[in-house]
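# A closer look at the structure
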Amino acid sequence: MTSRIRALFRRQFNKWLDKRSPRCSEITLNQRRIFIVPSSAGLGFGIMLLGLLLLAINYQNNLIFALCFWLFSIFLVAILHTYANLAGLVLRAGAAEPVFVGEQARFHLHVAAASRHRHRLSLGFPDQQAEICDIDAETGAINVVIRYPALQRGRLRPGRMEVSSRYPLGIIRCWSAPALDWHGLVYPRPRYLRPLFNSADNGQGNIPDRSSDSDEFSGFSHYQAGQSPRRIFWKAYAKGQGLLTKQYEQSQADELILDWDSLDGLGVEDRLSTLCAWALDCDKRGVAFGLKLPNRSLPAGSGAAQLAKALRELAVY
């Protein structure tokens, strides 16, 4: 029953926040967006003040009255200092790095503050580990990376983040819940559920290797550890010119098409995970590949740009 009431209150509060502070790419914290509540230590401090007040009234002791009012004035001053530590902060959404399902998405946040130090700022998403940082008055800005769990494939738009501070005494908690316009991308989890074959061989044989000597010769390059000894140009080595290896252009027959229809018997997410693993393997081996999905296809290509396009298509399918 308590959890239902709490969930209902949270939904209503989020609706109110959406009207008061809508989603945007940059936001400045002001009195409309900052909330002030006593911390757990502040509640204990307030109970202590109440006890001192009752004690002073009971014994009519002016010294206890003075102590109580002095501590209460410290409480009021702490409210102002804690609020000032957040007021005027400018938050701007940065890049969001793509990740695979199950990883932690990384969102870049630019925080700017004018004219004075900011101490012990807590930045993060609710129920996630927060980043604690200070802002120097000389630099006036910092870049922070905050993390959010990527639990589902597709476009990731995290909810409201949380900015809070308990500086200087820890008895007051000032916080804000800005909604920054972040757009992340979550790729399928790569899983090799089916072997990858060369489409040029009508499903026979393994994935082609870029080092195949049957391709067209294209030139020489310096030897790198792990390359096949068959590709070393021994005549140049005998002449004292160092280890050189022969390079070959990949023939079009070795271009792979990663086909959705070749994965009969697998569910949607399993097919996407397998295609993702195939694409990563092709890129690792330097093999040109294309992608064929229902109602969508990607021409064959190679390199980091081709891999990024393929992974994006799989993520948003």
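Residues numbered from 1 in each chain as written. Predicted model: local features only at pLDDT ≥ 70, side-chain atom pairs only at ≥ 80, totals over all residues. Heavy atoms only, no water.

### Looking at a nonpolar patch on the surface
Side chains of Y223, W234, Y237 and L243 sit close together on the surface and give an oily, nonpolar patch of about 400 Å² of accessible area. You can see Y237 is positioned in helix 4 (residues 234–238). Y237 sits in the partly exposed class, given a relative accessible area of 46%. (Patch = residues over 30% accessible without salt bridge, like charges linked within 9 Å, V, L, I, M, F, W, Y side chains within 5 Å. Areas by Shrake-Rupley, 256 points an atom, 1.4 Å probe, with all protein chains shown as cover. Salt bridge = Lys/Arg side-chain N within 4 Å of Asp/Glu carboxyl O. Helix = DSSP H or I, 4+ residues; strand = E, 2+ residues; numbered from the N terminus. Buried < 20%, exposed > 50% of the residue type's maximum accessible area, 1.4 Å probe, protein only.)

### What about the sheet that holds strand 8 (residues 141–149)?
Taking strand neighbours across the sheet as the criterion, the four strands line up as 1-3-5-8 in an open arrangement whose pairing is antiparallel. Whereas interior strands pair on both sides, the edge strands pair on one side only; in this sheet they are strand 1 (26–28) and strand 8. Strand-to-strand twist of the sheet, defined as the mean angle between neighbouring strand axes without regard to direction, takes the value 25°. Where strand 1 and strand 3 (residues 90–97) come together, three bridges link them in antiparallel fashion. By the bridge assignment for strand 3, E26 is matched with R92. (Pairing = 2+ DSSP bridges. Axes fitted to C-alpha atoms, helices over the stretch in contact; angles between N-to-C directions.)

### A short note on unusual backbone geometry
That bond from Y167 to P168 is cis: its omega, 10°, falls within 30 degrees of zero. Despite not being glycine, Q60 has its phi angle at roughly 50°, a positive value. Following the sequence through the fold, Q60 ends up in the loop between helix 2 (40–59) and helix 3 (62–86).

### Observations regarding the pairing of strand 5 (residues 104–112)
The two faces of strand 5 differ: A105, F107, L109 and V111 on one face are buried, but Q104, R106, H108, H110 and A112 on the other face are not. When strand 3 meets strand 5, the two strands line up antiparallel, connected through six bridges. By the bridge assignment for strand 5, V90 is matched with A112. Relative to strand 8, strand 5 is paired through nine bridges, and the arrangement is antiparallel. Bridge pairing in strand 8 links L109 to V144.

### Description of the confidence of the model for the protein
Summarising the model, the protein shows a mean pLDDT of 83, and 85% of its residues fall at 70 or more. Mean pLDDT per element in the protein: strand 13 (residues 216–222) is the minimum at 61, and strand 4 (residues 99–100) is the maximum at 94. Contacts from residues 199–206, a stretch scored under 50 in pLDDT, to residues over four places away or in other chains number twelve contacts. Scored below 50 in pLDDT, residues 208–214 makes 14 contacts in the model with residues more than four places away or belonging to other chains. (pLDDT = per-residue confidence, 0-100. Contact = heavy atoms within 4.5 Å.)

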